[in-house]
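Observations on the model geometry
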Amino acid sequence: RARERRCPQGQGRDVPVGEKHLESKRSQLEEKEKKFPMFKAVEFKSQVVAGMVFFIKVQVDEDNFVHIRAFESLPHEKKPLAL
């Protein structure tokens, strides 16, 4: 069952794992789509499977959002985050 959570605002926050990985994959997303003037996770869901699936809503400019699904494998597999 997926858990929904809004990303908190402000500094010193507890940043969700999905959001930490998201910034590292920004360039990969921009290669597929276009350059985004803004790239801020505003909402995410996570689901435990044989690893972790993240569903992330990202604000890419004032009025537009993209929805991203990413998979993080189990730690012993040592695979990078897959989009």
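Residues numbered from 1 in each chain as written. Predicted model: local features only at pLDDT ≥ 70, side-chain atom pairs only at ≥ 80, totals over all residues. Heavy atoms only, no water.

Under an unreviewed UniProt entry, the name given to the protein chain is Cystatin domain-containing protein, and the source organism is Balaenoptera physalus. The UniProt entry for the protein chain carries this comment under Sequence similarities (unreviewed entry): "Belongs to the cystatin family." The UniProt entry for the protein chain carries this comment under Subcellular location (unreviewed entry): "Cytoplasm". (UniProt positions renumbered as here; feature names shortened; annotations may be inferred.)

The next thing to look at is the overall build of the protein chain. Within the protein chain, the regular secondary structure consists of two helices and four strands. Counting helices and strands in the order they occur from the N terminus, the protein chain gives β-α-α-β-β-β. Counting only contacts in the protein chain whose residues sit at least 6 apart along the sequence, the fraction spanning at least 24 positions is 31%. Approximately 6000 Å² of the protein chain is accessible, and the part contributed by carbon and sulfur atoms is 49%. (Helix = DSSP H or I, 4+ residues; strand = E, 2+ residues; numbered from the N terminus. Contact = heavy atoms within 4.5 Å. Areas by Shrake-Rupley, 256 points an atom, 1.4 Å probe, with all protein chains shown as cover.)

To continue, consider the packing of aromatic side chains. Scanning the entire structure with this criterion turns up one aromatic pair. Judged by centre distance (5.8 Å) and plane angle (25 degrees), the ring pair of Phe36 and Phe39 falls under stacked. Between Lys57 and the ring centre of Phe65, over which it is positioned, the NZ or CZ distance is 4.7 Å. (Phe/Tyr/Trp six-rings, centres within 6.5 Å; stacked < 30°, edge-to-face > 60°. Lys NZ or Arg CZ within 6 Å of the ring centre and 35° of its normal.)

All right, on to the environment of Phe44 then. Mapped onto the secondary structure, Phe44 falls in strand E2 (residues 40-49). In this structure the C-alpha to C-alpha distance between Phe44 and Lys57, which are 13 residues apart in sequence, comes to 6.0 Å.

Counting all residues, the mean pLDDT for the protein chain is 76, and 75% of those residues have values of 70 or more. Counting interchain partners and residues more than four positions distant, the pLDDT-below-50 stretch residues 8-15 has five contacts. (pLDDT = per-residue confidence, 0-100.)

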